[in-house]
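Per-entry structural report
Residue strings, one per chain:
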Amino acid sequence: MLLYIWVGIAGMAGALLRYGLGLAVSDIWGGGFPLATFLTNMAGSFALGYLTFRLGRRSSANPYTSLVVGTGLIGSFTTFSTFSVENIQLFQTGQTTTALLYILLSLIGGLFMSWAGFRLGSGVAKGGTPL
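Residues numbered from 1 in each chain as written. Predicted model: local features only at pLDDT ≥ 70, side-chain atom pairs only at ≥ 80, totals over all residues. Heavy atoms only, no water.

**Thoughts on the overall build of the protein chain**
Within the protein chain one finds 5 helices and 0 strands. Element order for the protein chain, N to C, with α for helix and β for strand: α-α-α-α-α. With respect to the principal axes defined by its C-alpha atoms, the protein chain has extents near 50 × 45 × 25 Å. Burial analysis of the protein chain (131 residues in total) assigns 29% to the buried set. The long-range share in the protein chain, meaning contacts at least 24 apart out of those at least 6 apart in sequence, stands at 68%. Split by element, the accessible area of the protein chain, about 8300 Å² in all, is 71% carbon and sulfur. (Helix = DSSP H or I, 4+ residues; strand = E, 2+ residues; numbered from the N terminus. Buried < 20%, exposed > 50% of the residue type's maximum accessible area, 1.4 Å probe, protein only. Contact = heavy atoms within 4.5 Å. Areas by Shrake-Rupley, 256 points an atom, 1.4 Å probe, with all protein chains shown as cover.)

Have a look at this one:
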């Protein structure tokens, strides 16, 4: 039961972080591209790639840490549903090029950021040498 509470607390923290990032980005970004959601999802992809590897390799790590951090914190920080709705809105308002760019950048960027996080988390730098 305590695990559910920790996942919920981490989820609340992730949602608040996402909301805060959204407010900060909206203060400086006025463009039609949904930058706040994009940055949130890129940061979350990187963090999940990094932490999945790092926490999985640490024998001293609590086995529930990755669940609390991955599902609770990062899972509520990132947002596929907002990404989807924003794309529908872009298509509906005739911003097809922006929508397609958003989809492409999100897919390629998310995969790249997950890979980069995983690679950094594994301690391997460019060229295969340990960090």
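**Observations regarding the nonpolar core**
Within the largest apolar cluster, 7 residues are counted, these being F33, F38, M42, F83, L90, A99 and Y102. Elements supplying a minimum of two residues to this core: α2 (35-57), α4 (80-92) and α5 (96-121). (Core = buried A, V, L, I, M, F, W, Y, C linked by side-chain atoms within 4.5 Å.)

**Some thoughts on the environment of G8**
Here G8 is to be found in helix α1 (residues 2-28). The class of G8 is partly exposed, set by a relative accessible area of 40%. C-alpha of G8 to C-alpha of T52: the two residues are 44 residues apart in sequence and 19 Å apart in space.

**Considerations on the side chain of N87**
Structurally, N87 is set in helix α4. At 3.0 Å, the side chain of N87 and the backbone oxygen of F83 are in polar contact. Apart from the residues within four sequence positions on either side, N87 is in contact with A99, Y102 and I103. (Polar contact = N/O pair within 3.5 Å; in protein donor to acceptor, adjacent residues only side chain to side chain.)

**Quick word on helix α3 (residues 65-77)**
What α3 keeps buried is the set V68, V69, G70, G72, I74, S76 and F77. Elements in contact with the buried residues of α3: α1 and α2.

**Digging into the packing of aromatic side chains**
Counted by the stated rule, this structure contains 7 aromatic pairs. Ring geometry for F83 against Y102: centres 5.0 Å apart, planes inclined by 70°, an arrangement best described as edge-to-face. One end of the pair, F83, is in helix α4; the other, Y102, is in helix α5, and 19 residues separate them in sequence. The same class applies to F83 as to Y102, namely buried. Consider the rings of F112 and W115, whose centres lie 5.7 Å apart with planes at 40°: the pair is tilted. Within this pair, F112 and its partner W115 are both found in helix α5, separated by 3 residues, close to a single helical turn. A residue is classified by how much of its surface remains accessible, and F112, at 47% relative accessible area, is partly exposed. On the basis of relative accessible area, W115 is assigned to the partly exposed category, the value being 47%. (Phe/Tyr/Trp six-rings, centres within 6.5 Å; stacked < 30°, edge-to-face > 60°.)

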